[in-house]
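# Commentary on secondary and tertiary structure
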Amino acid sequence: MRNLIISAALVAASLFGMTAQAAEKPAAPYVELTNPVPVAAPGKIEVVELFWYGCPHCYAFEPVINPWVEKLPSDVNFVRIPAMFGGPWDAHGQMFLTLEAMGVEHKVHAAVFNAIQKEGKKLVKKEDMAEFLATQGVDKDKFLATFDSFAIQGQIKKARELAKKYEITGVPTMIVNGKYRFDIGSAGGAEQALQLADQLIAKERAATKAAAN
């Protein structure tokens, strides 16, 4: 009789465990950072995309994310940061930061992506970068001078530090307001990633309003 009671108790406990597991909430499609990272423009909700020109997934994300960025409200600040994991990642990241510092990145961003992803150009040597960018209207000498400048070295250091703080392991990765990290895979697709970004933007906006009241 005692054994029957014990067995019944074990079965009940097992069933309770299964029910409890079924009732658990599904894992969130994003990671909330333990240590939030300060945003670049205080007072605005920041959305960061970490990318690499050599990443085919980042390239495929371009026609999805660009129209979304164009429609972002004025209280949202979108920032692209190059991921720099060594080798061509570093070369392409330095190119991006140089073009950004020159104020021409937005004009040639698509052309650089196409050159690397579709035309097979490696663009890992600064001389090759300068030659190609000259065909896109970028001043060759100014590019080379800026590429090796002290200011760009500072931007490289900053980009690496941010990637470390965001704890990224791949690209494309998105960060909302220095708090939430996710990628296309965890979100369930490119469109879903942007829907998730919208949700987190709304969440941060609501939190800001609540704090102000």
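As a starting point, this report considers the structure included with it. Quick caveat: nothing in here was measured; it's all calculated off a predicted structure. (Residues numbered from 1 in each chain as written. Predicted model: local features only at pLDDT ≥ 70, side-chain atom pairs only at ≥ 80, totals over all residues. Heavy atoms only, no water.)

## Notes on the nonpolar core
Convention followed: What makes a nonpolar core is a set of buried Ala, Val, Leu, Ile, Met, Phe, Trp, Tyr and Cys residues whose side-chain atoms join them at distances within 4.5 Å. The rule is simple: take the accessible area with a 1.4 Å probe, protein chains only, and divide by the maximum for that residue type; under 20% is buried, over 50% is exposed, in between is partly exposed. Labels follow the DSSP assignment, with helices taken as runs of H or I lasting at least four residues and strands as runs of E lasting at least two, numbered in each case from the N terminus.
Membership of the largest hydrophobic core comes to 45 residues, with the highest contact counts inside it found for Leu50, Met95, Leu99, Val112, Leu133, Phe143 and Tyr166. Broken down by secondary-structure element, the contributors of at least two residues to this core are β2 (45–51), α2 (56–70), β3 (76–82), α3 (88–102), α4 (105–117), α5 (126–134), α6 (140–147) and α7 (150–166).

## A closer look at the pattern of salt bridges
The condition that has to hold: One speaks of a salt bridge when a side-chain nitrogen belonging to Lys or Arg is within 4 Å of a carboxyl oxygen belonging to Asp or Glu.
According to the stated counting rule, one finds eight salt bridges in the structure shown. When the shortest N-O distance is used, the salt bridge between Arg80 and Glu62 registers 3.1 Å. On the criterion of sequence distance, the pair formed by Arg80 in strand β3 and Glu62 in helix α2 is long-range, its members being 18 residues apart. Side by side, Arg80 and Glu62 carry an identical accessibility label, which is buried. Arg160 serves as the salt-bridge partner of Asp90, at 2.8 Å between the closest nitrogen and oxygen. Within this pair, whereas Asp90 is found in helix α3, its partner Arg160 is found in helix α7, the two being separated by 70 residues in sequence. Look at the salt bridges and you will find they share partners, linking Glu49, Glu62 and Arg80 into a network.

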